[in-house]
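What follows is the residue order along each chain.
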Amino acid sequence: MMSHSLLLFNSDMKNTLFDHHQIGVVSTFSALTNTKFQGEINALCWQRDLVGDFKEIVNKLELDENITEISVDDLCALQLSENANLARNMILKDIQLLTDFGASPTLNLLKNYERDEELDFISTDVYSFHVDRSPIETDTFLCTYYGAASDIVSNDQVQQKILIPEIRAKLQELHGGLDAEFENFLEEYFFDLHYQPNIDAKPTNLGVGHLWRLAVDHPTQQVLPCVHRAPQENEGEYRLLLIC
């Protein structure tokens, strides 16, 4: 059964940023972690307003290559204005909440992810709509504090890329092995995790400041995994992202 908090917010979705049948909106971290996915809902949002100057934090952090993991010590060592300190406290609180919950949150400063350009007919990088898979019961948590935010899309608005005839034929040609081993090949190289949006698909942007929980493909999952993608970064702007 869903928590009262989720039902309350869903009954007034017109007052939220996320009026969508696959999204549940909650008001506390406890509701975010304790509410079960059910039906079409495979994304939960703890909707919040950002408080503080996150841009100052981004400007004072040092980027190493394209992605830099920022430790709590790195964050605490920054000399910040009062407004940026409010932002830092929000990040530190989120890290502590997720850690106490048993997750392993990572704070990343991002210029961009690596692009998959090896094959011209299918992409398997994080800019492609995809789902996460895990052999154990888990979910994906993420929050964008600064910069471009990720997108999600309903499962009924996408098609698994390996089921598109032209793509499947090229993958079979690439495989070149026994038909009985083809499905294992698709899983081994993560081709089966990626999706092509329909022409009329309407992705939902996750926005900044909200802490999200997305359903992952694992053996005990009762709903379809959440299809999502990393955004195209804004020119000249880094992203600050908490994920686990």
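These numbers come from a predicted model, not from an experiment.

**Details of the sheet that holds strand β9 (residues 204-205)**
Moving on, step 1. The strand order across the open sheet built from three strands is β9-β6-β11, with neighbouring strands paired in antiparallel fashion. The two strands at the open ends of the sheet, each matched to only one other strand, are β9 and β11 (227-229).
Moving on, step 2. Relative to β9, strand β6 (residues 151-153) runs antiparallel, the two being bridged by two bridges. What sits directly across from Ile152, in β9, is Thr204.

**Brief notes about the nonpolar core**
Moving on, step 1. Membership of the largest hydrophobic core comes to 34 residues, with the highest contact counts inside it found for Leu32, Ile57, Ile91, Leu107, Tyr145 and Leu240.
Moving on, step 2. Mapped onto this core, the elements with two or more residues apiece are α2 (29-34), β2 (43-46), α3 (54-60), α5 (82-101), β4 (106-110), β5 (139-146), β10 (211-215) and β12 (239-243).
Moving on, step 3. Ranked by residues supplied to this core, first place goes to α5 with six residues.
Moving on, step 4. For Leu107, the residues in contact, after removing those within four places along its chain, are Thr68, Glu69, Ile70, Leu75, Ile91, Tyr145, Leu240, Leu241 and Leu242.
Moving on, step 5. By size, the runner-up hydrophobic cluster in this structure holds 15 residues, among which are Val25, Leu214, Ala230 and Leu241.

**Brief notes about the layout of surface pockets**
Moving on, step 1. Approximately 420 Å³ is the volume attributed to the largest pocket.
Moving on, step 2. Lining of the largest pocket is provided by 19 residues; of these, Glu137, Thr138, Asp139, Arg213 and His218 occupy positions nearest its centre.
Moving on, step 3. Counting only elements with at least two residues in the lining of the largest pocket, the list comes to α2 and β5.
Moving on, step 4. In this model, the second largest pocket occupies a volume close to 330 Å³.
Moving on, step 5. Elements supplying a minimum of two residues to the lining of the second largest pocket: β5, β11 and β12.
Moving on, step 6. Element by element, the count of residues in the lining of the second largest pocket is highest for β12, at three residues.

**Considering the sheet that holds strand β1 (residues 23-26)**
Hydrogen bonds between backbone groups are what pair the strands of a sheet, and the pairing can be parallel or antiparallel.
Moving on, step 1. Pairing is mixed in the open sheet, where seven strands are placed in the order β1-β2-β10-β5-β12-β4-β3. Each edge of the sheet is formed by a strand with only one pairing partner; in this case those strands are β1 and β3 (67-70). Shown here is a sheet whose adjacent strand axes are inclined to one another by a mean of 25 degrees, direction ignored.

**A look at helix α6 (residues 165-175)**
One full turn of an α-helix is made of 3.6 residues, so residues set three or four places apart face in the same direction.
Moving on, step 1. Looking at α6, one finds that the buried residues are Ile167, Leu171 and His175. Buried residues in α6, looked at end-on, bunch into an arc of 75 degrees, giving them a common side. Exposed and oriented more than 90 degrees from the buried face of α6 are Pro165, Glu166 and Glu173.
Moving on, step 2. Looking at the buried positions of α6, the neighbouring elements they touch are α7 (182-188).

**Notes on the confidence of the model for the protein**
Moving on, step 1. Residue-level pLDDT values for the protein average 91, and 92% of them are 70 or greater.
Moving on, step 2. Low confidence marks residues 1-15, where pLDDT is under 50. Its contacts with residues over four positions away, or in another chain, come to 28 contacts.

**As for the side chain of Asp151**
Moving on, step 1. Within the secondary structure layout, Asp151 lies in strand β6.
Moving on, step 2. Judged by its relative accessible area of 12%, Asp151 falls in the buried class.
Moving on, step 3. A polar contact of 3.0 Å, which involves the side chain of Asp151, links it to the side chain of Asn205.
Moving on, step 4. Every residue in contact with Asp151, bar those within four places of it in the chain, is listed here: Phe129, Pro203, Thr204, Asn205, Val227, His228 and Arg229.

Conventions adopted
Residues numbered from 1 in each chain as written. Predicted model: local features only at pLDDT ≥ 70, side-chain atom pairs only at ≥ 80, totals over all residues. Heavy atoms only, no water. Pairing = 2+ DSSP bridges. Helix = DSSP H or I, 4+ residues; strand = E, 2+ residues; numbered from the N terminus. Core = buried A, V, L, I, M, F, W, Y, C linked by side-chain atoms within 4.5 Å. Buried < 20%, exposed > 50% of the residue type's maximum accessible area, 1.4 Å probe, protein only. Contact = heavy atoms within 4.5 Å. 1 Å grid on protein atoms, 1.4 Å probe; cavity = no way out; pocket = protein on both sides within 12 Å on 5 of 7 lines; lining within 4 Å. Points joined across faces, edges and corners; volume = space filled by probe spheres on them. Axes fitted to C-alpha atoms, helices over the stretch in contact; angles between N-to-C directions. Arc of directions from axis to C-beta. pLDDT = per-residue confidence, 0-100. Polar contact = N/O pair within 3.5 Å; in protein donor to acceptor, adjacent residues only side chain to side chain.

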